Amino acid sequence: MSQPFSRFLHPFDVAHHPSFEPEVKRALLASWVSDRVSVRGKPALRKPPGARRAVPVDDVLAALRSLDGGEAHSP
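As the structure is a computational prediction, the values presented were derived from the model and not from experiment. (Residues numbered from 1 in each chain as written. Predicted model: local features only at pLDDT ≥ 70, side-chain atom pairs only at ≥ 80, totals over all residues. Heavy atoms only, no water.)

Digging into the nonpolar core
Generally speaking, nonpolar side chains in soluble globular proteins are found buried as a group.
Step number 1: With 13 residues, the main nonpolar core has Phe 8 and Leu 29 as its most contacted residues.
Step number 2: Listing elements by their share of this core, those giving two or more residues are α1 (11-15), α2 (22-33) and α3 (57-67).
Step number 3: Sort the elements by how many residues they give to this core and α3 lands first, with four residues.
Step number 4: Setting aside residues up to four positions removed in sequence, Leu 29 forms contacts with Pro 11, Val 14, Ala 15, Val 60, Ala 63, Leu 64 and Leu 67. (Core = buried A, V, L, I, M, F, W, Y, C linked by side-chain atoms within 4.5 Å. Buried < 20%, exposed > 50% of the residue type's maximum accessible area, 1.4 Å probe, protein only. Helix = DSSP H or I, 4+ residues; strand = E, 2+ residues; numbered from the N terminus. Contact = heavy atoms within 4.5 Å.)

Written out as structure tokens, the structure reads:
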């Protein structure tokens with residue numbers, strides 16, 4: 001995937017993807033959490049290259065927790 005982010009509108013799209021292995025989901029979501037993709041002047045938002053829109057970092061963290069069976073629900 002050259003631009004994996006452009007395929008997903010929200011972190012839970014990654015977390016619920018039926019054919020990705022958990023390690024792939026974690027890697028994609030971890031890259032969304034990175035400060036490198038934070039929105040300038042809005043540190044609570046993340047917008048990876050190729051993503052259609054910014055999402056709250058809390059949504060990305062909730063999606064990561066859902067992979068571990070945490071109490072996270074898609075917004």
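More follows now that the structure is in view.
Regarding the packing of aromatic side chains
Step number 1: Taken as a whole, this structure holds one aromatic pair when the rule is applied.
Step number 2: An angle of 65° between the planes, with centres 5.9 Å apart, marks the rings of Phe 8 and Phe 20 as edge-to-face. Residue Phe 8 is found in the segment before α1, and its partner Phe 20 is found in the loop between α1 and α2; the two are separated by twelve residues along the sequence.
Step number 3: For Phe 20, a relative accessible area of 14% corresponds to the buried category. (Phe/Tyr/Trp six-rings, centres within 6.5 Å; stacked < 30°, edge-to-face > 60°.)

Overview of α3
Step number 1: For α3, every residue scored as buried is listed here: Val 57, Asp 59, Val 60, Ala 62, Ala 63 and Leu 64.
Step number 2: Along its buried surface, α3 packs onto α1, α2, β2 (42-46) and β3 (55-56).
Step number 3: At the exit of α3 stands Gly 69, carrying a positive phi of roughly 80°.

Interpretation in functional terms is not warranted from these geometric data alone.
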